Every structure is written in structure tokens, then in C-alpha cells.
Amino acid sequence: MRLVFLGPPGAGKGTQARELAREWGVPQIATGDMLREAVAADTPLGRQARGYMERGALVPDDVIIGLIAERLAQPDAKRGFVLDGFPRTIPQAEALARLLEELGQQLDRAIFFEVSEPELLRRLTGRRSCPTCQATYHVEGAPPRRAGVCDRCGSALTQREDDREVTVRTRLGVYTEQTAPLLDYYRRRGLLARVAGEGAIESIRGSIRQAVEAVRP
Ligand SMILES: [Zn+2]
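In this text, all values refer to a predicted model and were calculated from it rather than measured experimentally.

About the cut-offs
- Residues numbered from 1 in each chain as written.
- Predicted model: local features only at pLDDT ≥ 70, side-chain atom pairs only at ≥ 80, totals over all residues.
- Heavy atoms only, no water.
- Helix = DSSP H or I, 4+ residues; strand = E, 2+ residues; numbered from the N terminus.
- Rg over C-alpha atoms; globule rule 2.2 N^0.38 Å.
- Buried < 20%, exposed > 50% of the residue type's maximum accessible area, 1.4 Å probe, protein only.
- Areas by Shrake-Rupley, 256 points an atom, 1.4 Å probe, with all protein chains shown as cover.
- Lys, Arg positive; Asp, Glu negative; His and termini not counted.
- Charge placed at Lys NZ, Arg CZ, Asp CG, Glu CD.
- Donors = N, O, S within 2.8 Å, 3.2 Å for Na, K, Ca; no water.
- Tetrahedral: all angles 85-135°; square planar, octahedral: opposite > 155°, others 65-115°.
- Contact = heavy atoms within 4.5 Å.
- Axes fitted to C-alpha atoms, helices over the stretch in contact; angles between N-to-C directions.
- Parallel < 35°, antiparallel > 145°, perpendicular 65-115°, else oblique.
- Left-handed = near helix turned anticlockwise from the far one by under 90°.
- Nonpolar A, V, L, I, M, F, W, Y, C, P; charged D, E, K, R; others polar.
- Phe/Tyr/Trp six-rings, centres within 6.5 Å; stacked < 30°, edge-to-face > 60°.
- Lys NZ or Arg CZ within 6 Å of the ring centre and 35° of its normal.
- Pairing = 2+ DSSP bridges.

What about the overall build of the chain?
Looking only at helices and strands, the chain features 8 helices and 7 strands. A compact globule built from 217 residues should have a C-alpha radius of gyration of about 17 Å, and the chain, at 17 Å, falls within 12% of that. With respect to the principal axes defined by its C-alpha atoms, the chain has extents near 50 × 40 × 35 Å. Out of the 217 residues in the chain, the part that is buried amounts to 46%. Accessible surface, the chain as shown: approximately 11,200 Å² in total, 50% of it carbon and sulfur. Within the chain, the 29 negative side-chain charges are centred at a point lying 3 Å from the centre of the 32 positive side-chain charges.

Laid out in C-alpha cells, this is it:
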């Protein structure tokens, strides 16, 4: 199963990708996590990416494509994968198609998560995390027992720079402008499936399974 999950930041792609990848026995390949790890490790790639990420801008294609090419060449990606957060632009989608062709593989489906903008803002700006133990919270969805304080270790919770409202609005604008053309790209190739990204996590997962089963031989 070779899938691409498309959707704006906060659409819930990551949660679904993690669960379904485990169910299908393929790796979840999340460029966001790969980039954050590179930034935290202060690698050459991470230093390059940091400035873009802090401004809410997209990291340049050549950086991301290099990262993906390395990842798809690893043995665990031979049986399939769930790509989460990539591609984000047409050049990235074209690069992915070339990479898969070189590997003798084909994409099965591109799943688009539809979520309204007010809902995305609510989800993203409410996220908090603990700088000490990495626990994550949401001010509405999963609040700590005491506001602003980590349940596990008592540290003051922080908001990621790219979850502040100004940055979130920029991220959503950048997303719409640069990623929306991807929907046309995959629709023209008969690969696009749209899934409602609001509602119970389990029912969203059911819709994704249905969209994927539809292409199974
Ligand atoms: Zn903590």
C-alpha cells in the first residue's frame, strides 16, 4: 500500500497515518517529524530548515526531496508506506513520481483530509507541550489538570513557535496557495480520494480504509 496523506496542518493526518501504517505493517514517513529531528540534532539540513520553519514558510523542495529519497530507499519502505506531509508542492509530487519510477513502484492513492479553517485554528493554537518530558496537551481537547502545568512532571507548558496564531494563519495561507494545486494533480491521475477530517477519529479512519480498499485488486 503506497499512500500520500494530504491536508492542511492540524487536519489530523499524523494521527491517522501512525495508526493505519501500523495496521498495514508499513512505515509512516512524516517529513515534519524528520525535519524537527534534524533541527533538534542541529544537522546541516536542520540548520538550513530552521529559519524557514520558524517563519511558517515551506522548507525548499531540494532539502525535502533529498530527505525522502534517502527514506524510501530503506528496506522497510519496500512493502509500502504512508507519506504524511509530503508532497506539498507540484515539483515535490513530480519528484516523488520520478523516485517511485526509479524504484519500480506506483502510488496507490492520495487521501485528502477536508477540515474547515475555524476548526484548524482551534486545533493548532490550542496545542501545548512540556519542554521537560515532551508530554502534549490541548487547552480544550486534552487539558492538563492545572492550566499551563504538566501533569507528569510539573513543568510550565509551552506553545511551539509555529502553533502561535499569527504563524498558524501564515501556515494555512501558505498551504492553500502551494498545496491546493496538488489536488488537481492527483485528481487528473485518478488517485485522489477526499475524506471528511472532522468528527470521531474512528469514523474518519473508516472512511480512509474505504478509500484505500477501493484500489486494492
Ligand atoms: Zn512534563
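With respect to the coordination of the zinc ion
Those protein atoms acting as donors to the zinc ion are C130 (SG), C133 (SG), C150 (SG) and C153 (SG), and they sit at 2.2 to 2.3 Å. With 4 donor atoms in place around the zinc ion and angles of 100 to 119° between them, the coordination shape is tetrahedral. Looking at C130, the relative accessible area reads 1%, which means it is buried.

Concerning helix α6 (residues 117-125)
Within α6, the full set of buried residues consists of E119, L120, L121, R123 and L124. Its buried side turned inward, α6 meets β5 (127-129), β6 (136-138) and α7 (165-188).

Some points on the packing of helix α4 (residues 61-72) against helix α5 (residues 90-102)
Where α4 meets α5, the axes come as close as 10 Å, and the angle between the chain directions of the two elements is 25°. Relative to α5, the element α4 is oriented roughly parallel. Taken as a pair, α4 and α5 cross one another with a handedness that is right-handed. In contact with D61, I64, I65, I68, A69 and L72 of α4, α5 contributes P91, Q92, A95, L96, L99 and L100. For the contact of α4 with α5, a count of residues per class yields 10 nonpolar, 1 polar and 1 charged.

Concerning the packing of aromatic side chains
Summed over all chains, the structure comprises 2 aromatic pairs. Seen in terms of ring centroids, Y185 and Y186 are 4.9 Å apart; in terms of plane orientation they differ by 90°. Their pairing is edge-to-face. Over the aromatic face of Y185 sits the side chain of R189, whose NZ or CZ is 3.7 Å from the ring centroid.

Comments concerning the sheet that holds strand β2 (residues 28-30)
With respect to topology, 5 strands assemble into an open sheet ordered β2-β3-β1-β4-β7, the strand pairing being parallel. Every other strand in the sheet has two partners, leaving β2 and β7 (192-196) as the edge strands with one partner each. Strand-to-strand twist in this sheet, taken as the mean axis angle between neighbours without regard to direction, amounts to 25°. Bridge count between β2 and strand β3 (residues 81-84): 3 bridges; the pairing is parallel. Looking at the pairing, I29 lines up with L83 of β3.

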